[in-house]
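Below are the chains, spelled out letter by letter.
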Amino acid sequence: MVGSSISEPTNQTGSTRETQDPSVVDAELEAIAPGARLSVAAITAEVAGRVDLSQVDLVAAVRDTVCRAKSPVANPASYVASVIVRKPDAWLVGSTSGGWTPQREPEDAWHPAEARDAGQAASCLAGNHDWGSHALPDILRAHCVHCGEPRRKVDPDFARHEAQHELEQAGAR
């Protein structure tokens, strides 16, 4: 999408949304994402009360999400709302933190409590992971499909297999 420079400051500098005229924010949203049908009202409707938007710099959030998307976004208001709901403190009004940058978790950051259900979380905690369909090649079954645990951390045979595969891939280049 055509837009302004990512480092440009937004006009949303007050401590709450009430200090900012929604029509001004709407104009900025249209300027950075022309034709995307983004407005304060559209984003508010998508957030549906899950986050207090009075403290969120919507222009910065749109700039960091919709404008940086690698492919066209079908529903920009829904897209930015879903990211704001997941990480509402990333675009606090008046913040100079620079917005949201996706961070890859370190390999040892295993969160079994985030497994899809309590039964599966307990199974993962007990070391009974699901590496995926046996119809897949073994190398594609490298992480638990429920908690993301790297298989190489619990299966030394797979760790050797994965290391060998990586060497072969590097030699094939």
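What counts, and where the lines are drawn
- Residues numbered from 1 in each chain as written.
- Predicted model: local features only at pLDDT ≥ 70, side-chain atom pairs only at ≥ 80, totals over all residues.
- Heavy atoms only, no water.
- Core = buried A, V, L, I, M, F, W, Y, C linked by side-chain atoms within 4.5 Å.
- Buried < 20%, exposed > 50% of the residue type's maximum accessible area, 1.4 Å probe, protein only.
- Helix = DSSP H or I, 4+ residues; strand = E, 2+ residues; numbered from the N terminus.
- Contact = heavy atoms within 4.5 Å.
- Arc of directions from axis to C-beta.
- Lys, Arg positive; Asp, Glu negative; His and termini not counted.
- Salt bridge = Lys/Arg side-chain N within 4 Å of Asp/Glu carboxyl O.
- Polar contact = N/O pair within 3.5 Å; in protein donor to acceptor, adjacent residues only side chain to side chain.
- Expected span 1.5 Å × (residues − 1).

Q: I keep staring at the nonpolar core and nothing clicks. Help me out?
A: Of all hydrophobic cores here, the largest spans 25 residues; its most connected members are Leu38, Ile43, Leu53, Val62, Ile84 and Trp91. Looking at this core, the elements with two or more residues in it are helix H1 (22-32), helix H2 (40-47), helix H3 (58-64) and helix H4 (76-86). Ignoring anything within four residues of it in the chain, the contact list for Leu38 reads Leu29, Ala33, Ile43, Val62, Pro76 and Ala77.

Q: When you look at H1 in this model, what are you seeing that I'm missing?
A: Because an α-helix completes one turn every 3.6 residues, residues spaced three or four positions apart along the sequence face the same direction. Among all positions of H1, only Val25, Glu28, Leu29 and Ile32 are buried. Seen end-on, H1 carries its buried residues on one side only, within an arc spanning 100°. In this fold, the buried residues of H1 make contact with H2 and H3.

Q: Help me out: how do you make sense of the side chain of Asp64 in this one?
A: Within the fold, Asp64 resides in helix H3. Here Asp64 sits buried without a salt bridge, and the closest side chain of opposite charge, Arg68, lies 4.0 Å off (N-O distance). Within the structure, Asp64 has its side chain in polar contact with the side chain of Trp91 (distance 2.9 Å).

Q: Help me out: how do you make sense of helix H6 (residues 156-171) in this one?
A: Between its first and last C-alpha, H6 extends 23 Å over 16 residues, near the 22 Å set by a 1.5 Å rise per residue. N-capping of H6 is provided by Asp155, with a side-chain oxygen placed 3.1 Å from the backbone N of Asp157.

Q: Would you take a moment to explain the pattern of salt bridges for this structure?
A: Charged atoms that come close allow side chains of opposite charge to pair. If you walk through the whole model with that rule in mind, you get five salt bridges. Put simply, Arg151 and Asp138 hold a salt bridge, and the shortest N to O gap is 2.9 Å. On the criterion of sequence distance, the pair formed by Arg151 in the loop between helix H5 (118-125) and H6 and Asp138 in the loop between H5 and H6 is long-range, its members being 13 residues apart. Of the residues examined, Asp138 reaches a relative accessible area of 31% and is grouped as partly exposed. We note a salt bridge from Asp155 to Arg151, for which the minimum N-O separation is 3.4 Å. Classification of Arg151 as buried rests on a relative accessible area of 9%.

Q: What am I meant to see in the environment of His143 here?
A: Considering the arrangement of structural elements, one finds His143 in the loop between H5 and H6. For His143, a relative accessible area of 39% gives the class partly exposed. For the pair His143 and Lys153, spaced 10 residues apart in the sequence, the C-alpha separation amounts to 9.7 Å. If near-sequence neighbours (up to four positions away) are discounted, His143 is found in contact with Asp130, Trp131, Gly148, Glu149, Pro150 and Arg151.

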